[in-house]
Amino acid sequence: MMPCDSNELPNTLVDSTGSLWCPAPEDYLRAHDRSRVRSARARKRPIGLMLLLAGPGVLVMLGENDGPSMLSYATTGATYGIGFFLPFILLTFVLAYVVQEMTVRVAIATHRGHAELIRDRFGPVWGFFAIADLTVGNLLTLVTEFVAIRAGTSYFGIPAPVAAGGAVILVVLTLATRRYATWERTVMLLALGNLVFIPAALLAHPDTEQIARALTTWGPLPAGGLMLFMTLVLANVGATVTPWMLFFQQSAVVDKGLTVKDLAQGRIDTALGAALAALVALSTVVAVAPLFAHHVNIAALNNGADFATALRPYLGAPVATLFALGMVEAGIVAAMTISTSSAYAVGEVLRTNHSLNSEFAHARWFFIAAAVSVGVAAAVTLVPGAPLLAIAIMVNVISTFLMLPALILLLLLANDREIMGTLANTLRQNVVAGSATVAIGAIGAVYGGILVARQLGVNL
Amino acid sequence: MSPLERDALMRLEPELRQPSPGVQLARRELSPGLVRIMFLMRLYVLCAVIAVGVALVRGVH
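Residues numbered from 1 in each chain as written. Chains lettered and ligands numbered in written order. Predicted model: local features only at pLDDT ≥ 70, side-chain atom pairs only at ≥ 80, totals over all residues. Heavy atoms only, no water.

**Thoughts on the overall build of chain A**
We apply this condition: Here a helix means four or more residues in a row that DSSP labels H or I, a strand means two or more in a row labelled E, and each is numbered from the N terminus. For the radius of gyration, the atoms used are the C-alpha atoms, and the globule rule reads 2.2 Å times the number of residues raised to 0.38. In this scheme, a residue with accessible area under 20% of its type's maximum is buried, one over 50% is exposed, and one in between is partly exposed, where area comes from a 1.4 Å probe on protein chains only. By definition in these notes, contact holds between two residues if any of their heavy atoms fall within 4.5 Å. Only the protein chains shown count as cover for residues, and all accessible areas are computed by the Shrake-Rupley method using a 1.4 Å probe. Positive: Lys, Arg. Negative: Asp, Glu. His and the chain ends are not part of the count. In this description, the location of a charge corresponds to atom NZ of lysine, CZ of arginine, CG of aspartate or CD of glutamate.
In terms of helices and strands, chain A carries 20 helices and two strands. Rg of the C-alpha trace for chain A: 22 Å, near the compact-globule value of 23 Å for 460 residues, within the 12% margin. Every one of the 460 residues in chain A was classed for burial, and the buried ones make up 58%. Taking the contacts inside chain A whose residues are at least 6 apart along the sequence as the reference set, 82% of them involve residues at least 24 apart. Total accessible area on chain A stands at roughly 17,300 Å², and carbon and sulfur atoms take up 69% of it. Taken as two groups, the 26 positive and 25 negative side-chain charges of chain A have centres that lie 6 Å from each other.

Okay, here's the thing in structure tokens:
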């Protein structure tokens, strides 16, 4: 709690324990938000309550349906069509739910962000690792988001500087609301734009029987080279679970002010986000599957605009337009959530205010970290001859390599009974989460290893 | 502070009040098993950083 000084006496309260309390500006906003939650709960309005408490889960899942992830799903659909990868992608979102649900519980039990907890509980070395992993990984990922924005907007003939500058302004404007609830609702509204891939899939007139068969039989199995198949398996896992998601959802749940009473809604929020994101991912595979059916050479398709242009002759201009729009949305929403996760982590590690409810003067480093990260990422994409392909590869390498320690640290925190109390992982949760960690960690490490080996010129 | 604000603030759960920046949790006591896990993780991260570094340098040249 904020300490009181004599200048603040008019705004001093005596709390239920009899101690003096000087509410910070953030407390006024959070008190207002919690009043609405209490009122919805007292009036037994479950949908109203859910609408108030939903946010971090939906945002983190739709945020991870970012530019590179949508490209992974599109490449999968164009390479193998409808088959094994539909149920496989569904499974990756189940894994994502298992992992992200732990961050909700850790946040509710500790009311601390992920970076802050790692530093406090495991010491400065792991605190430094967490912040270095996140800031470097996030900065590189942000570059790929701006590449996606550029590619998507180029389909509409918008010049690159206008697209990149416009996206930076949009990200900064949402931060300037200085209100967590407003920021969250704005980004959620934009994130719903991710759903444009669903009508795109419907306009492709897919064979519903084939989709049902694929989902129930995991077939047909992909034909062709093992290396390509493995790369897409790993890329699809990397498209669903990444380190920034752990940091973002935990910090966002803390900033939103969820308590133990809200755990059920926090879980539903995460499940809803996973379901929506999975639906979008599957729709992308289905929408792009006609390229597989028409044996289109996908080697030349490097970005969202290429896919939109390739789809046009087979599915028409509306689907191509939706695809390009979806890529722009994916990049913008990811830029907002990823830059905010960097800002939370920087604020937590520097022990300064780190809330979207804070005024700029009280949380300078928080807002500067978010704005600078998107500004630098946008600028890099505008540098002529910037090694954008190398950056895209490095993003995958860093996030997949570092997912394993990030997951282990999360599991250790979720099992730490001193801070988790009754919300600590149960045996069943540990079996499920442990299996998910082993699977994701092993797949991530193999993927990172393959990418590094390729960089070293090893022919696998 | 209006009466409505005062009422809302008084009912705000104590754990949700803005904490003083800089308040730190106690460091976790590591069991021997956990010490081993942390050591292996450091080794893993070191190998990962070296591998990525080498790949970057080779990629640049």
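We are not done yet, so read on.
**Describing the confidence of the model for chain B**
Basically, it comes down to this: For every residue, the predictor states its confidence as a pLDDT score lying anywhere from 0 to 100.
Of the residues in chain B, 89% have a pLDDT of 70 or more, and the chain-wide mean is 81. ipTM for the predicted complex: 0.87, alongside a pTM of 0.93.

**Focus on the interface of chain A and chain B**
Selection rule: Take the accessible area each of two parts loses on contact, using a 1.4 Å probe, and add the two losses: that sum is the buried area. We define a salt bridge as a contact between a side-chain nitrogen of Lys or Arg and a carboxyl oxygen of Asp or Glu at a distance within 4 Å. Definition of a polar contact: a pair of N or O atoms within 3.5 Å, with one able to donate and the other able to accept a hydrogen when the atoms are protein atoms, and with sequence-neighbouring residues admitted only if both atoms are side-chain atoms. Amino acid classes used here: Ala, Val, Leu, Ile, Met, Phe, Trp, Tyr, Cys and Pro are nonpolar; Asp, Glu, Lys and Arg are charged; the rest, including Gly, are polar.
The interface is formed by 51 residues belonging to chain A together with 39 residues belonging to chain B. Taking both partners together, chain A and chain B bury about 4,400 Å²; carbon and sulfur atoms supply 64% of that area. Between chain A and chain B we count two salt bridges in total. Residue A:D416 is joined to B:R28 by a salt bridge in which the shortest nitrogen-to-oxygen separation is 3.9 Å. Across the chain A-chain B interface, the total number found is eight residue pairs in polar contact (both at pLDDT 80 or more). Listed by contribution, the elements that provide at least two residues to the side of chain A that touches chain B are β1 (13–14), α1 (25–42), α6 (114–122), α7 (124–154), α18 (388–414) and α20 (427–455) of chain A. The residue inventory of the side of chain A that touches chain B, partitioned by class, reads 30 nonpolar, ten polar and eleven charged.

**Details of the side chain of A:H111**
For A:H111, the location among the structural elements is in the loop between α5 (85–110) and α6. From its side chain, A:H111 meets the backbone oxygen of A:I108 in a polar contact 3.2 Å long. Those residues in contact with A:H111 that sit more than four places away from it in its chain are A:V106, A:V254, A:L258, B:E15 and B:L16.

**Topic: the packing of aromatic side chains**
Residue and element names in this part refer to chain A. Here is the rule: Centres within 6.5 Å are what make two rings of Phe, Tyr or Trp a pair, Trp counting through its six-membered ring; a difference in plane orientation under 30 degrees is then read as stacked, over 60 as edge-to-face, and the rest as tilted.
Summed over the entire model, instances satisfying the criterion amount to 17 aromatic pairs over all chains. Ring geometry for F85 against F88: centres 5.9 Å apart, planes inclined by 85°, an arrangement best described as edge-to-face. Here F88 and F85 lie together in helix α5, a separation of three residues that amounts to about one turn. We classify F85 as buried; its relative accessible area is 1%.

**A word on the environment of A:A439**
Mapped onto the fold, A:A439 is located in helix α20. Along the backbone, A:A439 and A:I338 are 101 residues apart, and their C-alpha atoms lie at a distance of 24 Å.

**Details of the pattern of salt bridges**
Two side chains of opposite charge can pair, provided their charged atoms sit close to one another. Inspection of every chain in the model, using the stated rule, returns 16 salt bridges over all chains. Connected through salt bridges with shared partners, the residues A:R112, A:E116, A:R119, A:D120 and A:R351 form a single ionic network.

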